[in-house]
Amino acid sequence: MRQRQRRSGGRSSAFTPRQISVKLAIPLVGEISGVWEPGDAEQDAAWELYVELATRISVVELGEDEGLLREALSSLYTVFGTTREILRRYGPAVAPRVPAGQVTFGALAVTVLNHCVRPLLSKWHPLLTAHESLRPEHVDPVSHERRWARSAELREEIERVRGVMLALADALNEVAGVGDLIAVRLPAQPSDAAEPSAP
C-alpha cells in the first residue's frame, strides 16, 4: 500500500503519494518505467498537465465516424505547447537528477512529447494538409477528410498515442491526488417514459 501525505500548501485537501510506479509503453520505442517520488513542484505540474489532458480530444476515443482527424492533431499540437510551457514555468524542480530506476515529471513529459506526440505530428500533419488542399469547393471538409484513403491508418496511430496519453494521465492523476476527471461516470437520469396514471 502506498504511503500518502497531506500537502501543506496548494491543494491542501488532496492526499498525494510519496511514490508511485510508472510504466508507459511508447509505440515503436519501448517502455519507460520507474519509481516516481514527486516533490511539491512536480505535484503541481502534474495537476496542470492532467487538467490539460482531461479536457482535450487527445484522450477521447475517436469512433470510426466521429470527430475530425484535423481536430485530433490540433489538440495534440496544443498539448505539446502547453507541456513545454509547464516545463519552463516550473523549471529544474520538475526534472531533478534521480538515481537509475526513478523517473520525474520532466523525464516523463519530454519522453512522451519527443517519442510519441512529435513523430505522429511530424508524419501526419503534412500528409493531411496535402489531402485537405485537394478538397473541391463543393465538398465539405468532413466528407473530404472521411474519403481520404489513409484516414483509417491515421485513426489507428492516433489511438496508439491516445493509449500512451491515458497512461500518462493516470500517473499524473495519482501524483496530483485528485479524482478521475477523464472517466467520470454521470449519474443515471430519471426516465421520462413513465406515463401518468389515468384518473
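In case you missed it, the structure is sitting above this.
Analysis parameters
Residues numbered from 1 in each chain as written. Predicted model: local features only at pLDDT ≥ 70, side-chain atom pairs only at ≥ 80, totals over all residues. Heavy atoms only, no water. Helix = DSSP H or I, 4+ residues; strand = E, 2+ residues; numbered from the N terminus. Buried < 20%, exposed > 50% of the residue type's maximum accessible area, 1.4 Å probe, protein only. Areas by Shrake-Rupley, 256 points an atom, 1.4 Å probe, with all protein chains shown as cover. Core = buried A, V, L, I, M, F, W, Y, C linked by side-chain atoms within 4.5 Å. Contact = heavy atoms within 4.5 Å. Pairing = 2+ DSSP bridges. Axes fitted to C-alpha atoms, helices over the stretch in contact; angles between N-to-C directions. Parallel < 35°, antiparallel > 145°, perpendicular 65-115°, else oblique. Left-handed = near helix turned anticlockwise from the far one by under 90°. Nonpolar A, V, L, I, M, F, W, Y, C, P; charged D, E, K, R; others polar.

Colleague: Would you take a moment to explain the overall build of the chain for this structure?
Modeller: When you go through the chain residue by residue, the secondary structure sums to 5 helices and 5 strands. The order of helices and strands in the chain, counted from the N terminus, is β-β-β-β-α-α-β-α-α-α. Looking at the chain residue by residue over its 199 residues, the buried ones come to 39%. Only carbon and sulfur atoms are counted for the fraction: they give 53% of the accessible area of the chain, which is about 11,800 Å².

Colleague: Whenever I open this one, the nonpolar core confuses me. Can you help?
Modeller: Counting residues in hydrophobic clusters, the biggest one holds 44 residues, and the most contacted among them are Trp36, Phe105, Val112 and Leu172. Within the residue set of this core, elements represented by two or more residues are strand 3 (20-26), strand 4 (30-36), helix 1 (40-54), helix 2 (69-90), helix 3 (105-132) and helix 5 (151-176). In terms of residue count, the dominant contributor to this core is helix 3 (11 residues). Those residues in contact with Phe105 that lie beyond four places of it in its chain are Trp36, Glu42, Ala45, Ala46, Leu49, Ile86, Leu87, Val94 and Leu172.

Colleague: Which parts of the structure should I look at to understand the pairing of strand 3?
Modeller: Sheet faces and side chains relate simply in a regular strand, where the side chains alternate between the two faces. Taking every second residue as pointing to the same face, the buried face of strand 3 carries Ile20, Val22, Leu24 and Ile26, while none of Ser21, Lys23 and Ala25 on the other face is buried. Of the pairings in the sheet, the one linking strand 3 to strand 4 comprises 7 bridges and is antiparallel in character. Each bridged residue has a counterpart across the sheet, and for Ile26 the counterpart in strand 4 is Gly30. Linking strand 3 to strand 4, which pair antiparallel, is a turn of 3 residues; within it Leu28 sits at a positive phi near 65 degrees.

Colleague: Help me out: how do you make sense of the packing of helix 1 against helix 5 in this one?
Modeller: Helix packing geometry: the angle between the two helix axes and the distance between the axes. Interaxial distance between helix 1 and helix 5 falls to 8 Å at its minimum, and their mutual angle equals 135 degrees. The angle between helix 1 and helix 5 places the two elements in the oblique class. Considering the relative orientation of helix 1 and helix 5, their crossing is left-handed. Residue-level contacts link Glu42, Gln43, Ala46, Trp47, Leu49, Tyr50 and Leu53 of helix 1 to Met165, Leu168, Ala169, Leu172, Asn173, Val175 and Ala176 of helix 5. Of the residues that constitute the contact of helix 1 with helix 5, the class distribution is 11 nonpolar, 2 polar and 1 charged.

Colleague: Help me understand the sheet that holds strand 5 (residues 102-103), please; the structure alone is not making it clear to me.
Modeller: Backbone-to-backbone hydrogen bonds join strands into a sheet, with any given pair of strands oriented parallel or antiparallel. What the 3 strands build is an open sheet, ordered 3-4-5; its pairing is mixed. What marks the edges here is a single partner per strand, and that holds for strand 3 and strand 5. Each of strand 3, strand 4 and strand 5 is contacted by helix 3, which is oriented at about 10 degrees to strand 3, the strand it contacts most. Together, strand 3 and strand 4 form the strand contacts of helix 5, whose direction differs from that of strand 3 by roughly 165 degrees.

Colleague: Help me understand the packing of helix 3 against helix 5, please; the structure alone is not making it clear to me.
Modeller: The N-to-C vectors of helix 3 and helix 5 enclose an angle of 170 degrees; their axes lie 11 Å apart at closest approach. The orientation of helix 3 relative to helix 5 falls into the category roughly antiparallel. Residues Phe105, Leu108, Val112, Cys116, Val117, Leu120, Lys123 and Trp124 of helix 3 form the contact with helix 5, whose participating residues are Glu153, Leu154, Glu157, Ile158, Val161, Val164, Met165, Leu168 and Leu172. Tallied by class, the residues present in the contact of helix 3 with helix 5 amount to 14 nonpolar, no polar and 3 charged.

The analysis is restricted to geometry; functional conclusions fall outside its scope.
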